[in-house]
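Structural overview for review
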Amino acid sequence: MEATLLSSKGRKTELQCSSICIGNLLLVIGALCLRLVPTGCMVTEVGQQKPLRFRKDGEFKILQVADMHYADGKITPCLDVLPSQVAGCSDLNTSSFIHRMIEAEKPDLIVFTGDNIFGLDATDAAKSLNEAFAPAISSGIPWAAVLGNHDQESTLSREGVMKHIAGLKNTLSKLNPPEIHVIDGFGNYNLEVHGVEGSGFENKSVLNLYFFDSGDYSTVPSIPGYGWIKPSQQFWFQRTSMRLRRAYMRNPPAQRAVAPGLVYFHIPLPEFASFDSSNFTGVKQEGISSPSMNSGFFTTMLESGDVKAVFTGHDHLNDFCGDLMGINLCYAGGFGYHAYGKAGWSRRARVVVATLEKIEKDVWGTVKSIKTWKRLDDRFLTGIDGQALWSKSSSGRRRKEIVAL
Ligand SMILES: *[C@@H]1O[C@H](CO)[C@@H](O)[C@H](O)[C@H]1NC(C)=O
Ligand SMILES: *[C@@H]1O[C@H](CO)[C@@H](O)[C@H](O)[C@H]1NC(C)=O
Ligand SMILES: *[C@@H]1O[C@H](CO)[C@@H](O)[C@H](O)[C@H]1NC(C)=O
């Protein structure tokens, strides 16, 4: 059984597969002006970006793109599509899907959760990255990306890839937090989403986004399999979360509860294995390829109390979302056509919308609810699996609510 699973993701794991590790392997986001107006949308000061903020209609929408696996564009074939779909299918189909998703959802932020390029098949990493992110860049919408385990397998190192990404147009991606001198990985950063312009929350982050480098492969000989989120990263998260929580609760207008946080990275945590079909929404069609060791990040997030959902990729055939102790653990499902997938099972993407509480007519407060759904790359970009992730009144308790699409 493990052999079958392995072969289904052979491309993901092939680097690591010595005879010893096979069994265990299986246990195993200044974009400033974004929305519209080309006029009046400029960098405010040198090196300073306008914060992300909720729209005048009280919503903030994030499109998650997981596992594009971009390689060399037009000449790179699609994997795992129906025989009738093979001809004329390439990385360009992945780009086309991004364009269509952006058009359909008009997100406020696009987040790419790693394996943006499939390094082994990308002849030139910089060129492949440029092409992979081109639809996001040309949309003018701010975007952010983190690394997967395949991004460094071409002509650039992990640091090189993340530096390249952070230098691209309209991205809010950062190499690492400037205030920290030592942190594991590349692409650990956070973004604040401020309240509606003109509201009492215009200078305050009412939704916090955290991005992590979940590594590639273990470098510890006695630990097989994938990398994990290290203590240095968790320590940075703890301090950042604490700073944000204090600012939110202390500064006017002072708040009693903390602002919700959303976390994005590539490799699922071991806790993604806590569910079965009775308690998640979506599907699980392959094993959870988390690291073989648990580095405690889930516990760290629970302790901080602000994180309401975690969004990963990595396992292309899993697209579920389940609530474990008030934190939703969510996959996006495979997006790219040069990524393993399942013929006949559409490539897909996850959308998350946070909605503000309306205090009175045209006056918006803090985040009231967070919802999610997915869209399939079919003719109609069919929306599926709408669900509520969090709502203020439920203070993070699980709710089995169906979201109208
Ligand atoms: C890939 O794109 C081509 C050109 O637009 C299109 O004809 C084809 O149906 C697409 N294939 C898939 C699998 O979506
Ligand atoms: C937010 O900051 C701007 C610029 O400093 C200021 O003009 C505005 O009054 C502030 N808004 C609130 C609600 O504090
Ligand atoms: C999901 O349900 C299964 C039993 O069907 C149970 O073993 C598991 O603990 C549940 N998980 C969560 C997170 O509630």
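Residues numbered from 1 in each chain as written. Chains lettered and ligands numbered in written order. Predicted model: local features only at pLDDT ≥ 70, side-chain atom pairs only at ≥ 80, totals over all residues.

As named in an unreviewed UniProt entry, the protein chain is Calcineurin-like phosphoesterase domain-containing protein, taken from Trapa natans. Annotation of the protein chain in UniProt includes, under Subcellular location (unreviewed entry), the sentence "Secreted". The Sequence similarities (unreviewed entry) field of the UniProt record for the protein chain holds the comment "Belongs to the metallophosphoesterase superfamily. Purple acid phosphatase family." (UniProt positions renumbered as here; feature names shortened; annotations may be inferred.)

For the α-helix, the turn length of 3.6 residues means that residues three or four positions removed from each other point alike. Listed in full, the buried residues belonging to helix 6 (residues 158-166) are Val161, Met162 and Ile165. Around the axis of helix 6, the buried residues are gathered within 95° of arc, so they sit on the same side. Among the structural elements, helix 5 (125-139) and strand 4 (143-146) are those in contact with the buried residues of helix 6. (Buried ≥ 20, exposed ≤ 12 C-beta atoms within 10 Å, placed from the backbone. Helix = DSSP H or I, 4+ residues; strand = E, 2+ residues; numbered from the N terminus. Arc of directions from axis to C-beta. Contact = placed C-beta atoms within 7 Å.)

A few words now on the confidence of the model for the protein chain. When the pLDDT values of the protein chain are averaged, the result is 88; 85% of them are 70 or greater. Within the protein chain, strand 7 (residues 261-264) carries the highest mean pLDDT (99), whereas helix 1 (residues 2-8) carries the lowest (35). Of the regions scoring below 50 in pLDDT, residues 1-47 engages in 70 contacts with residues more than four places distant in sequence or in other chains. Here residues 395-400 is a poorly scored stretch, pLDDT under 50, and it has 8 contacts once near neighbours within four places are set aside; other chains count. (pLDDT = per-residue confidence, 0-100.)

Here the focus is the pairing of strand 6 (residues 205-211). For strand 6, the buried fraction is high: 7 of the 7 residues fall into the buried class. Bridge count between strand 5 (residues 189-194) and strand 6: 6 bridges; the pairing is antiparallel. Looking at strand 6, one finds that His194 is bridged to Ser205. Summarising the sheet, strand 6 and strand 7 pair through 4 bridges and their orientation is parallel. Within the sheet, the bridge partner assigned to Asn208 lies in strand 7 and is Gly261. What joins strand 6 to strand 7 is helix 7 (residues 231-250), and the crossover it makes is right-handed. (Pairing = 2+ DSSP bridges. Right-handed = clockwise from strand over helix to strand, strands pointing away.)

By nearness alone, every residue bordering ligand 3 is listed as Ser274, Phe275, Asp276, Ser278, Asn279 and Leu324. A breakdown of the residues in the shell around ligand 3 according to their chemical character gives 2 nonpolar, 3 polar and 1 charged. (Near = placed C-beta within 6 Å. Nonpolar A, V, L, I, M, F, W, Y, C, P; charged D, E, K, R; others polar.)

A few words on the environment of Thr366. Mapped onto the fold, Thr366 is located in strand 13 (residues 363-376). As for Thr366 and Gly195, which are separated by 171 residues in sequence, their C-alpha atoms are 7.0 Å apart. Sequence-distant contacts of Thr366, defined by excluding residues within four places in its chain, comprise Phe201, Val206, Gln255, Ala259, Leu356 and Glu357.

Looking at the element boundaries, Ile370 is found in strand 13. Considering only alpha carbons, one finds Ile370 and Leu262, 108 residues apart in sequence, at a separation of 9.9 Å. Ignoring sequence-local partners within four residues, the contact set of Ile370 consists of Pro260, Lys308, Ala309, Val352, Ala354, Leu389 and Trp390.

Right, let's talk about the site of ligand 1 for a bit. For ligand 1, the full set of nearby residues is Val81, Gln85, Gly88, Cys89 and Asn93. When the residues that make up the shell around ligand 1 are grouped by side-chain class, the tally is 2 nonpolar, 3 polar and no charged.

Next up on the list: unusual backbone geometry. The omega angle of the peptide bond from Pro252 to Pro253 is -10°, so this bond is cis rather than trans. Of note, Pro253 is situated in the loop between helix 7 and strand 7. For His314, which is not glycine, the phi torsion reads 80° and is therefore positive. Inspection of the secondary structure assignment puts His314 in the loop between strand 9 (307-312) and strand 10 (321-324). Phi at Asp362 takes a positive value of approximately 60°, unusual for a residue other than glycine. Relative to the assigned elements, Asp362 resides in the loop between strand 12 (348-360) and strand 13. A tally of 11 C-beta atoms within 10 Å means that Asp362 is categorised as exposed.

Here strand 13 pairs with strand 14 (residues 383-391) via 6 bridges, running antiparallel. Opposite Thr372, over in strand 14, you have Gln387 as the bridge partner.

A word on the packing of helix 7 against helix 8 (residues 297-304). With their axes 10 Å apart at the nearest point, helix 7 and helix 8 run at an angle of 10° to one another. Our classification of the angle between helix 7 and helix 8 gives roughly parallel. Within the contact between the two elements, helix 7 uses Gln234, Phe237, Gln238 and Ser241 and helix 8 uses Phe297, Thr300 and Ser304. Residues belonging to the contact of helix 7 with helix 8 are distributed by class as follows: 2 nonpolar, 5 polar and no charged. (Axes fitted to C-alpha atoms, helices over the stretch in contact; angles between N-to-C directions. Parallel < 35°, antiparallel > 145°, perpendicular 65-115°, else oblique.)

Looking now at the sheet that holds strand 9. Sheet architecture is open: 8 strands sit in the order 1-5-6-7-9-11-10-8, paired in mixed fashion. The two strands at the open ends of the sheet, each matched to only one other strand, are strand 1 (52-53) and strand 8 (280-281). With 2 bridges connecting them, strand 1 and strand 5 associate as parallel partners. Bridged to Arg53 within strand 5 is His194.

It is worth spelling out the sheet that holds strand 12 at this point. The mixed open sheet is built from 6 strands, whose spatial order is 4-3-2-12-13-14. Bordering the open sheet on either side are strand 4 and strand 14, each of which pairs with just one other strand. Strand-to-strand, the axes of this sheet are offset by a mean angle of 20°, without reference to chain direction.

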